[in-house]
Amino acid sequence: MDYLTIIQILDSMLRLSAPLIFACLAGLFSERSGIFDIGLEGKMLASAFFSAAVAAATGSVWLGLMAGLTASMILAAIHGFASITFQGNQLISGVAINFLASGMTALIGQNWFRLGGRTPSLSGDGRFLPIEFPFAESIGKIPFLGPIYSELLSGHTILVYVALLTVPFTWWLLFKTRFGLRLRAVGENPEAVDTGGVSVSFLRYRAVLICGLLCGLGGAYLATGMAAGFIRDMTAGKGFIALAALIFAKWRPAYALYACLLFGFLEAIAIRYQNITIEGVGTIPVQFMQALPYILTIVILAGLVGKAIPPKAGGEPYVKER
Amino acid sequence: MKIIKGTFASLLALLFMGANLFAEPAIVFDIGGKFDKSFNESAWNGAEKWKSETGGSYREIEIQSEAQREQALRRLAEGGSNPIVMTGFAFGSVLDNVAPDFPDTNFAIIDFVVDQPNVKSIVFKEHEGSYLVGLIAGMTTASNTVGFVGGMDIPLIRRFGCGYVQGVKAANPDINVIQNMTGNDPSAWNDPVKGGELTKAQIASGADVVYHAAGGTGVGVLQAAADAGILGIGVDANQNHLHPGSVLTSMLKRVDVAVYNSFSEGMDLNTTIVVLGLKEDGVGYALDENNQALISAEVLEMVEATKASIINGDTVVHDYTTDDSCPAS
């Protein structure tokens, strides 16, 4: 494996990790505030569909992005309404969101475009195009460090950079602001927050809406950045892998980034090396390489991660004592 | 989720079936869906052509999961459809069980041989068509590296790949061919994101022509090729128009003709094994206004000569499925 191949794998890793990072941070906001959310998948799917559909209809990827974010935040608001205002079961509400998104996108897509649930292929301004950094070509000629700049860092769509920047922003928001302190407190001990005169419901609604916003970015990236159009069920379990990454990361932003990059890396390896021959061991079959991300998820969650303690009030609707 | 969808679909199907007792033909599409711009869409085009020419009507089911294969066939047969055409090798084992239960109904299966008295099996010599597009790719590549992206890893798709490699090597034995498969289950037919990533990886390794045999996944392959400014090669249907100027050619597999003929034969379906190759115009390569500029007169001449030589038997293209191995790689 030469140096340039490693760079290319890492490049692929960044592309594949971006939707996971968005979804994982989305889950982080929601769960830190005490609202479990297994509807990440559904919100991403809805956003993927509406961003691609509106981008296809208007020819503008930015309008598409707005539509995707709106769709995702509406679903987030429904989840919030069910689990905060009506104090319903958060898992059931999340499952319902997933069902709703999966069925709704296929149905609306079929009625709208008559292409069997997919949107037309996007082109030109209808999708996010890679951004080349300035002087990428000339800097790329510098040995060793050059390719890192020109191949690895340059040439992604804007949403990949947004995903990476969201990580420090999330850390700052959660750990350095008053809003963040309250948000974490409401996930650990809502009674104390309530006693302090801060509205538990309002805080949780804000967290859930941020979750919707981030899921929306992730979904829009899938349909308009990574692929060029929506296909049925295109999220393919990414929302659930993001949830696994969230537990793996113990609900911390920096670890969430590492976990998502790891999953992205494994996927990139599996795509590039379908058959790896190791001296003395023989050939590792392609099936094993493709299953590796999932096997590792189980191994990591079962043993390596240590004790992952979720926010204490997570999953519990808050009922004011009367 | 899928189960609920499936039950609902079959209930609906049942409702519609009961109302109609005339022998209409029917078609069942595989999981890629009838708008995969490739295999299933080609089948659908054939059915639509029959419909517009004869004014008849037909029934169709797009299955969503493995479990629906048998359900769909039984519902259609019970509803009196005749003949019932299904697209895809994956129906093979199911049809083998279903066909004896409906001796008065004729079935036609594409891409698989089912040995039952009431089944017409239509198979294509994809290796011959793939050989020709491989030859074009081999004569076009400037980097001496070309790629192949298959859908689900099955012998049928290996047959595409093997024919392609033989064609490439016929143009120049030193050309390196990178081969990848998308996955091991039917979802590999409908994963453009992964198709795009595989293509990007091949491009990074130097490929400047990439051929796909991956149904809906191929949409992502051709997209990635067009984005990177290299050439893609389409499959099954003529995909030259998807990215004009960036699709070198398409390996045509006339699934549409197979469906059209089966529908036309109607109740008198010729229940034998039909093998369609270059000779029968069952496979070929696409040349139209979108790729004219990409294929030089020299290449065209060579390809036509090779085509004639395959048809008269002078050039023999090895079929992967006969011995599960490929002489070239």
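Residues numbered from 1 in each chain as written. Chains lettered and ligands numbered in written order. Predicted model: local features only at pLDDT ≥ 70, side-chain atom pairs only at ≥ 80, totals over all residues.

Draft legend 1. Spotlight on the overall build of chain B. Counting secondary structure elements, chain B contains 11 helices and 12 strands. Since a compact globule built from 329 residues should have a radius of gyration of about 20 Å, the 20 Å found for chain B is in line with a globular shape. Pairs at least 24 residues apart make up 69% of the contacts formed inside chain B by residues separated by at least 6 positions. (Helix = DSSP H or I, 4+ residues; strand = E, 2+ residues; numbered from the N terminus. Rg over C-alpha atoms; globule rule 2.2 N^0.38 Å. Contact = placed C-beta atoms within 7 Å.)

Draft legend 2. Layout of the overall build of chain A. Looking only at helices and strands, chain A features 13 helices and two strands. The globule rule puts the C-alpha radius of gyration for 322 residues at 20 Å, and the 21 Å found for chain A is close to it. Residue burial in chain A is summarised as follows: out of 322 residues, 48% are buried. For chain A, the share of sequence-separated contacts (at least 6 apart) that also reach a separation of at least 24 residues comes to 76%. (Buried ≥ 20, exposed ≤ 12 C-beta atoms within 10 Å, placed from the backbone.)

Draft legend 3. Molecular detail of the domain arrangement of chain B. Residues and elements named next belong to chain B. Assigned domains of chain B: these are domain 1 (2-125 + 256-276) and domain 2 (127-253 + 283-323). Once you take the C-alpha centre of each, domain 1 and domain 2 turn out to be 28 Å apart. Each partner contributes to the interface: domain 1 provides 15 residues, whereas domain 2 provides 18 residues. Its residues assigned to classes, the side of domain 1 that touches domain 2 comprises six nonpolar, four polar and five charged. (Domains from an automatic or database assignment. Nonpolar A, V, L, I, M, F, W, Y, C, P; charged D, E, K, R; others polar.)

Draft legend 4. Up close: unusual backbone geometry. Residue and element names in this part refer to chain B. Cis rather than trans, the peptide bond between N82 and P83 has omega equal to -5°. The phi angle at D111 is positive, at roughly 85°, despite the residue not being glycine. Within the secondary structure layout, D111 lies in the loop between β4 (107-110) and β5 (119-124). Non-glycine residue D281 carries a positive phi angle of around 65°. By the element assignment, D281 lies in the loop between β11 (273-276) and β12 (283-285).

Draft legend 5. Just the sheet that holds strand β7 (residues 176-183) of chain B, in detail. All names here are of chain B. Strand order in the open sheet made by the six strands is β7-β6-β8-β9-β10-β12, with mixed pairing throughout. With partners counted over all chains shown, the strands left at the sheet margins are β7 and β12, one partner each. Ignoring strand direction, the axes of neighbouring strands in this sheet form an average angle of 15°. Across seven bridges, the pairing between strand β6 (residues 145-152) and β7 is parallel. Bridged to V146 within β7 is V177. In the packing of helix α8 (residues 217-228) onto the sheet, contacts are made with β6, β7, β8 (209-213), β9 (231-236) and β10 (247-253), and the angle to β9 comes to roughly 160°. (Pairing = 2+ DSSP bridges. Axes fitted to C-alpha atoms, helices over the stretch in contact; angles between N-to-C directions.)

Draft legend 6. Summary view of the environment of A:Q8. Secondary-structure assignment places A:Q8 in helix α1 (residues 3-32). By the C-beta count within 10 Å, which is 21 here, A:Q8 ends up buried. Considering only alpha carbons, one finds A:Q8 and A:A268, 260 residues apart in sequence, at a separation of 9.3 Å. Among residues more than four places away in sequence, those in contact with A:Q8 are A:E151 and B:A204.

Draft legend 7. Representation of helix α8 (residues 178-188) of chain A within the structure. By the burial criterion, the buried members of α8(A) are A:R182, A:L183, A:A185, A:V186 and A:G187. Each element contacted by the buried residues of α8(A) is listed here: α1, α7 (158-176), α9 (190-195) and α10 (200-226) of chain A.

Draft legend 8. Just the nonpolar core, in detail. The biggest cluster of nonpolar side chains holds 184 residues, and the ones touching the most others in it are A:F22, A:C24, A:A48, A:A245, A:A256, B:V28 and B:L95. Two domains each provide a minimum of three residues to this core, namely domain 1 (2-125 + 256-276) and domain 2 (127-253 + 283-323) of chain B. Every residue in contact with B:V28, bar those within four places of it in the chain, is listed here: B:I61, B:I63, B:A72, B:L73, B:I84 and B:M86. (Core = buried A, V, L, I, M, F, W, Y, C linked by C-beta atoms within 7 Å.)

Draft legend 9. Highlighting helix α3 (residues 61-85) of chain A. In this model, α3(A) (25 residues) spans 34 Å end to end at C-alpha, consistent with the 36 Å of a helix rising 1.5 Å per residue. Just downstream of α3(A) lies A:Q87, where phi reads positive at about 50°. (Expected span 1.5 Å × (residues − 1).)

Draft legend 10. Expanded view of the sheet that holds β4(B). Residue and element names in this part refer to chain B. Strand order in this open sheet of six strands is β2-β1-β3-β4-β5-β11, and the pairing throughout is parallel. Looking at the sheet topology across the chains shown, the edges are occupied by β2 (59-62) and β11. The sheet shows a mean angle of 15° between the axes of neighbouring strands, direction not considered. With four bridges connecting them, strand β1 (residues 26-29) and β2 associate as parallel partners. Directly across from F29, in β2, lies its bridge partner E62. Along the sheet, helix α2 (residues 39-54) makes contact with β1 and β3 (84-87), crossing β1 at roughly 170°.

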